[in-house]
Amino acid sequence: MAAHLDAPSAEEPAERLQRYADLAVRVGANVREGQTVFVTANIEHAPLARALARSAYAAGARYVDVRYRDDHVRHAMIELGPDEALTHTPEWLKTRVRAFDGAAVIGIGGDAEPELLADLDGERVGRARMKELNEITRELMVERAINWTGIAFPNEGWAEQVFGEPDVERLWSAVAFCTRLDEEDPVQAWRDHIARLEERAGQMNERGFDALRYRGPGTDLTVGLLPEARWMSALFRDATGREYVPNMPTEEIFTTPDARRAEGVVTSTRPLALLGDVVEQLKLTVKDGKIVQVDAAKGADVVRGQLASDDRAAYFGELALVDGGSRVGQTGITFFDTLYDENATCHIAYGFGVPETFEGKPGEGMNISSVHTDFMVGGPEVEVDGLTAAGEAVPILRNDEWQLR
């Protein structure tokens, strides 16, 4: 059942925007005094980027650097550029990302044109990734050298995709509900919410399952787990122990699976907004840990292009569990934005694992890739079981309800 979303608040838009930015700075990235803050945004996200700069400086940031992207330029590159342009990383950009070491990083989503690249060759779209940039970022994440967060900015194009009309106020209401901005004390609401997720992650860690099994329409998949990888909420800590929340919203608990152990078929239960296209009815066949077949009603070539972009992209890097109590799921909205849709229901990611799930250095079973793509696999019709080493199946999710106590 969809949650009732209150009518748009009488709060002034500028005040709401600034409170949203404050939440991202103080709870999401948790910017510390004297820290450099890097913001990455599309040009349509400029109002939020400016508000983030104000919030970061008010929190004591030493300097705020904002970089804007234009996806129409990216469209021209994929359509008309040479093959080497698809993976080229400029030296100045590598220098910028290396400077993330010890800094706070905030990324803004909310695609103003979610299907901008849909008219292009899907395989080229899937290959268009700055591999060297991703490798630098991956190393920083493994070293826990950055405190980072991702948020989304409501805009007309995104609202049009979601509602069929550019109702930005309606989208703001949904975003405020999902991010707990609508609470009287959003910071305390986030603390309480994270505490509940931490308790749930603890239940999974106590059980010590050997694998998860997913069963539902078009899905019969078993994925092995790593004993050294813990389940956790999105309460991360950098190398200094500073806490931050990388995704706003977040409703998941997650772990890094054993990339070597996965078998079966899995069908996505929601559309996937991916690289300027929307993938529909995605179905993956997995053998010996590797995705060996990709089928979809739309957008399959984009996924195939991603999986072909490096040797390990076709292996799983994350398993995440979300039940029907998710605020994102309660809206009944498909947001066509992975930050939101992945928190509406259970999801799996192919590609790079999550280093934070390991107490020390990640083990051999964690997948290493320049890709990390989440796709949604949960819902009332999907059953999730934990499998013990002895082969016992323990229900975890039934009809979108959490079963462990």
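In what follows, the structure referred to is the one given above.
Residues numbered from 1 in each chain as written. Predicted model: local features only at pLDDT ≥ 70, side-chain atom pairs only at ≥ 80, totals over all residues. Heavy atoms only, no water.

A. Structural view of the overall build of the protein. Scanning the protein from N- to C-terminus turns up twelve helices and 20 strands. Over its C-alpha atoms, taken along the principal directions, the protein stretches across nearly 55 × 50 × 45 Å. In the protein, which comprises 405 residues, the share counted as buried stands at 56%. Computed over 43 positive and 69 negative side-chain charges, the separation of the two mean positions in the protein equals 4 Å. (Helix = DSSP H or I, 4+ residues; strand = E, 2+ residues; numbered from the N terminus. Buried < 20%, exposed > 50% of the residue type's maximum accessible area, 1.4 Å probe, protein only. Lys, Arg positive; Asp, Glu negative; His and termini not counted. Charge placed at Lys NZ, Arg CZ, Asp CG, Glu CD.)

B. Region of the structure containing the packing of aromatic side chains. Overall, the coordinates contain eleven aromatic pairs when judged by the stated rule. Residues phenylalanine 38 and phenylalanine 100 carry aromatic rings whose centres are separated by 4.8 Å and whose planes lie at 50 degrees to one another, so their mutual orientation is tilted. In this pair, phenylalanine 38 is assigned in strand E1 (residues 36-42) and phenylalanine 100 in the loop between helix H4 (91-98) and strand E3 (104-109), connecting sequence segments 62 residues apart. Both residues of the pair, phenylalanine 38 and phenylalanine 100, count as buried. Measuring from ring centre to ring centre gives 5.8 Å for tryptophan 158 and tyrosine 340, while their planes differ by 65 degrees; the resulting arrangement is edge-to-face. Residue tryptophan 158 is located in helix H7 (residues 156-163), and its partner tyrosine 340 is located in helix H12 (residues 338-341); the two are separated by 182 residues in the primary sequence. A single burial state applies to tryptophan 158 and to tyrosine 340, both of which are buried. Put simply, the rings of Trp148, Phe236, Tyr244 and Phe254 touch in pairs and so form one group of aromatic residues. (Phe/Tyr/Trp six-rings, centres within 6.5 Å; stacked < 30°, edge-to-face > 60°.)

C. Just the pattern of salt bridges, in detail. For the structure on display, the rule yields 26 salt bridges. Between aspartate 210 and arginine 261 there is a salt bridge whose closest N-O contact spans 3.2 Å. Of this pair, aspartate 210 sits in the loop between helix H9 (186-207) and strand E5 (211-216) while arginine 261 sits in strand E10 (residues 257-267), and the two are 51 residues apart along the sequence. Of the charged contacts, one joins arginine 237 and glutamate 243 as a salt bridge, the two residues approaching to 3.0 Å between their closest N and O atoms. (Salt bridge = Lys/Arg side-chain N within 4 Å of Asp/Glu carboxyl O.)

D. Molecular detail of unusual backbone geometry. The omega torsion across methionine 248 and proline 249 is 15 degrees, close enough to zero to call that bond cis. Notably, arginine 144 is not glycine yet its phi reads approximately 55 degrees, a positive angle. Mapping arginine 144 onto the fold places it in the loop between helix H6 (131-142) and strand E4 (147-152). The buried category is assigned to arginine 144, whose relative accessible area is 17%. With a phi close to 65 degrees, arginine 180 is a non-glycine residue in the positive phi region.

E. Quick peek at the side chain of arginine 129. The residue arginine 129 is located in the loop between helix H5 (122-127) and H6 in this model. It turns out arginine 129 is buried and unbridged, and the closest side chain with the opposite charge, aspartate 310, is 6.3 Å from it. Looking at arginine 129, its side chain comes within polar contact range of the main-chain oxygen of serine 370, at 2.7 Å. Apart from residues no more than four positions distant in its own chain, arginine 129 is found in contact with Leu86, Thr87, Asn134, Gln306, Ser309, Ser370, Val371 and His372. (Polar contact = N/O pair within 3.5 Å; in protein donor to acceptor, adjacent residues only side chain to side chain. Contact = heavy atoms within 4.5 Å.)

F. Quick look at the packing of helix H1 (residues 13-28) against H9. Across the interface, H1 lies against H9 with an axial gap of 11 Å and an inter-helix angle of 45 degrees. Compared by their axis directions, H1 and H9 come out oblique. Seen from above, H1 lies across H9 with right-handed handedness. Residues Arg19, Leu23 and Val27 of H1 form the contact with H9, whose participating residues are Pro186, Val187 and Trp190. Its residues placed into classes, the contact of H1 with H9 shows five nonpolar, no polar and one charged. (Axes fitted to C-alpha atoms, helices over the stretch in contact; angles between N-to-C directions. Parallel < 35°, antiparallel > 145°, perpendicular 65-115°, else oblique. Left-handed = near helix turned anticlockwise from the far one by under 90°. Nonpolar A, V, L, I, M, F, W, Y, C, P; charged D, E, K, R; others polar.)

G. Region of the structure containing the environment of histidine 193. With respect to the helices and strands, histidine 193 occurs in helix H9. For histidine 193 and proline 380, which are 187 residues apart along the polypeptide, the C-alpha to C-alpha distance reads 22 Å. Once residues lying within four places of it in the same chain are set aside, the contact partners of histidine 193 are Arg180, Thr250 and Glu251. Side chain to side chain, histidine 193 and arginine 180 meet in a polar contact 3.2 Å long.

H. Structural detail: the sheet that holds strand E2 (residues 63-69). Here we have four strands laid out as an open sheet, ordered E2-E1-E3-E4, and parallel in their pairing. Looking along the sheet, the strands with just one partner apiece sit at the ends: E2 and E4. On average, each strand axis in the sheet is tilted by 15 degrees relative to the strand beside it, whichever way the strands run. The pairing of E3 with E4 spans six bridges and is parallel. (Pairing = 2+ DSSP bridges.)

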